Amino acid sequence: MKFKAASLSHIGLFRETNEDSYCHFEPDDETLRRERGAMFIVADGMGGHQGGEVASRLAVEIIQEYYYASPSTDPLQVLKDAFQSANKTIFDASLEDAGLFGMGTTCTAMVLVGGSAYFMHIGDSRAYVCRNGGIEQLTRDHTLVEDMVRSGLLSSEDARFHPKKNVITKSLGTHEEAETDAPASPFSVKPGDVFLLCSDGLTSFVRDQEIKLFLESNEPEEAAKHLVDRANQLGGRDNITVQVVKVIEP
Ligand code: CA
């Protein structure tokens, strides 16, 4: 698969640390690259002291390592197992070190291989695809307000400003088992598709339609920069991480 990709993470304007982590990985080995593809991950950590940073970094490192070391050729199953492995490591570490107690992280991962995109997801980071002039959110937020919207108790417009909009219902590292989602996988990739993985530091401030315009009218590197700048312009109250991947040939 041929694509152009750019990743960018920014601390924002108010936070003292950046608790987001990300990775874009492609194996050097050509056979491994063809068989296992390229991996993109965004993780947004939470927890006092150093907890958030540690949790998101562990998630990204463990999932990448697990995925490429696995003998299985079922990307979805390996991603699922990789998330569980990361969950266990983060959970155990949080019990061993009082300073890390309660830490956790969101995590959204995408693997591009064999003409398909595979996703695994937990928390409120997001994956989007832009195709044919539209933008579609591929992941479902694991948040209290999203659950309320789905059960008809809240409109999506009111959800944007709800005081509890940051309450996450599922994450890696906070429970013994992680309840991950595999949204729309495998997703059949077409030339011109633009994927976006991002933390809520982007989507809490910049609306989907505006995100779409940035993705449509720029190459990935520029788009990533514009998205981060725009989130900062609109407040910059959180860490912002974006990964933009434009497919050239599936
Ligand atoms: Ca965040």
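For the structure, check the block above.
Our subject in this report is the structure included herewith. Counting restarts for each chain: residues are numbered from 1 in the order of the written sequence. Only residues with pLDDT of at least 70 are given local features in this predicted model, and only at 80 or more are side-chain atom pairs given and counted; all residues enter the totals for whole chains, interfaces and linings. The basis for the side-chain values is all heavy atoms of the structure; hydrogens and waters are excluded.

## A short note on the overall build of the chain
Helix and strand labels come from DSSP, where a helix needs a run of H or I of at least four residues and a strand needs a run of E of at least two; each type is numbered from the N terminus. Within the chain, the regular secondary structure consists of 8 helices and 11 strands. For the C-alpha atoms alone, the extent of the chain along its principal axes is close to 45 × 40 × 35 Å. A simple rule labels every residue: compare its accessible area, found with a 1.4 Å probe on the protein chains alone, to the largest value its type can have, and call it buried under 20%, exposed over 50%, or partly exposed in between. Per-residue burial over the chain gives 50% buried out of 250 residues. By the convention used here, residues are in contact when the closest approach between their heavy atoms is within 4.5 Å. Counting contacts in the chain only where the partners sit at least 6 residues apart, residues at least 24 apart contribute 71% of the total. Method for areas: the Shrake-Rupley scheme with a 1.4 Å probe, in which residue coverage is limited to the protein chains shown. Here the chain displays about 11600 Å² of accessible surface, and carbon together with sulfur accounts for 48% of that area.

## Re the sheet that holds strand β11 (residues 240-249)
By the convention used here, strands pair only if DSSP detects at least 2 bridges between them. The sheet built from 5 strands is open, its strands ordered β1-β11-β10-β7-β8 with antiparallel pairing. The sheet is open, and its two edges are formed by β1 (2-10) and β8 (134-137), each paired on a single side. On average, adjacent strands in this sheet sit at an angle of 15 degrees to one another, irrespective of strand direction. Relative to β8, strand β7 (residues 126-131) is paired through 4 bridges, and the arrangement is antiparallel. Looking across to β8, one finds that tyrosine 128 is bridged to glutamine 137. Contacting β7, β8, β10 (194-198) and β11, helix α7 (residues 208-216) crosses the sheet at an angle of about 120 degrees to β8. Working convention: axes come from line fits to C-alpha atoms, limited for helices to the stretch in contact. Angles between N-to-C directions cover 0 to 180 degrees. Against the sheet, helix α8 (residues 220-233) contacts β1, β10 and β11, and its axis sits at roughly 155 degrees relative to β11.

## Quick notes on the packing of aromatic side chains
For Phe, Tyr and Trp, where Trp contributes only its six-membered ring, two rings pair if their centres lie within 6.5 Å, and the inter-plane angle classes them as stacked under 30 degrees, edge-to-face over 60, or tilted in between. Counting across every chain of the model gives 5 aromatic pairs. Plain terms: the ring middles of phenylalanine 119 and phenylalanine 195 are 6.1 Å apart, the flat faces sit at 55 degrees to each other, and that makes the pair tilted. Taken together, the residues phenylalanine 119 in strand β6 (residues 116-122) and phenylalanine 195 in strand β10 connect sequence positions 76 residues apart. As far as burial versus exposure is concerned, phenylalanine 119 and phenylalanine 195 are alike and both buried.

## Looking at the pairing of β7
The element β7 is largely enclosed, with a buried count of 5 among its 6 residues. Bridge count for β7 against β10 is 5 bridges, and the pairing is antiparallel. The residue bridging arginine 126 from the neighbouring strand is cysteine 198, located in β10. The turn joining β7 and β8, which pair antiparallel and follow one another in sequence, is formed by 2 residues; a positive phi near 50 degrees is taken by asparagine 132.

## Considering the pairing of strand β3 (residues 38-46)
Across the 9 residues that make up β3, a large majority, 8, are buried. Here strand β2 (residues 20-25) runs beside β3; their pairing, made up of 6 bridges, is antiparallel. Along β3, the bridge assignment pairs aspartate 20 with aspartate 44. Sheet topology note: the β3/strand β5 (residues 107-113) ladder contains 5 bridges and is antiparallel. Looking at β5, one finds that isoleucine 41 is bridged to alanine 109. Bridge analysis of β3 against strand β4 (residues 104-105) gives 2 bridges, and the strand direction is antiparallel. In the strand pairing of β4, methionine 46 is matched with glycine 104.

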